[in-house]
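The lines below spell out each chain.
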Amino acid sequence: MPAGTLYRGREGMWSWVAHRVTGVLIFFFLFVHVLDTALVRVSPEDYDKVVATYKTPIVACLEYGLVAAILFHALNGLRVIAVDFWSKGPRYQKQMLWSVVGLWVVLMLGAVYPVLGHAARELFGS
């Protein structure tokens, strides 16, 4: 496959950028998660305070963003694998990208209530 075949066109460029950005965001989340989990050994009281802040509506929105990043990164990663290892992958990469985006939107719509339901109840009552 010639260089640049995988990310040919505007859509390919943006999927490349989104894949890298979501990967970095996931890495930073994991880094913070390890740090806050390690806090339980140092100071259980401070750990409880940190965990209490995670129950706010703002953090619920950040969690929704995390779900969005992980889901897009996973689905797009499967697309990249298909392009790399399926003989017809390069030919159908644009269709696969739009399929990934469509599936991502549907799954993200399905994640609204489970992830943001608590925040909505907190802000607007039950």
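Residues numbered from 1 in each chain as written. Predicted model: local features only at pLDDT ≥ 70, side-chain atom pairs only at ≥ 80, totals over all residues. Heavy atoms only, no water.

A.B. asks: Explanation requested: the overall build of the protein chain in the structure shown.
C.D. replies: Helix and strand counts for the protein chain come out as 4 helices and 0 strands. Taken from the N to the C terminus, the helices and strands of the protein chain come in the order α-α-α-α. Overall size of the protein chain, expressed as C-alpha extent along the three principal axes, is 55 × 35 × 20 Å. A total of 126 residues make up the protein chain; the buried ones form 27% of that total. A separation of at least 24 residues holds for 68% of the contacts in the protein chain among residues at least 6 apart in sequence. Total accessible area on the protein chain stands at roughly 8,800 Å², and carbon and sulfur atoms take up 72% of it. A gap of 18 Å separates the mean positions of the 11 positive and 8 negative side-chain charges of the protein chain. (Helix = DSSP H or I, 4+ residues; strand = E, 2+ residues; numbered from the N terminus. Buried < 20%, exposed > 50% of the residue type's maximum accessible area, 1.4 Å probe, protein only. Contact = heavy atoms within 4.5 Å. Areas by Shrake-Rupley, 256 points an atom, 1.4 Å probe, with all protein chains shown as cover. Lys, Arg positive; Asp, Glu negative; His and termini not counted. Charge placed at Lys NZ, Arg CZ, Asp CG, Glu CD.)

A.B. asks: Is there a simple way to think about the packing of helix α3 (residues 57-85) against helix α4 (residues 93-124) in this case?
C.D. replies: Packed helix pairs are specified by the crossing angle of their axes together with the interaxial distance, meaning the distance between the axes. At a minimum axis distance of 9 Å, the contact between α3 and α4 shows a crossing angle of 160°. Comparing their axes, α4 and α3 come out roughly antiparallel. In the crossing of α3 with α4, the sense of the turn from one axis to the other is right-handed. Taken together, the residues that form the contact of α3 with α4 break down as 25 nonpolar, 2 polar and 3 charged. (Axes fitted to C-alpha atoms, helices over the stretch in contact; angles between N-to-C directions. Parallel < 35°, antiparallel > 145°, perpendicular 65-115°, else oblique. Left-handed = near helix turned anticlockwise from the far one by under 90°. Nonpolar A, V, L, I, M, F, W, Y, C, P; charged D, E, K, R; others polar.)

A.B. asks: Sorry, what's going on with the packing of aromatic side chains here?
C.D. replies: We describe a pair of aromatic rings using the distance from one ring centre to the other and the angle between the two ring planes. Summed over all chains, the structure comprises 3 aromatic pairs. Between Phe-27 and Phe-28 the ring centres are 5.6 Å apart and the planes differ by 70°, which places this aromatic pair in the edge-to-face class. When its relative accessible area of 47% is taken as the criterion, Phe-28 is described as partly exposed. (Phe/Tyr/Trp six-rings, centres within 6.5 Å; stacked < 30°, edge-to-face > 60°.)

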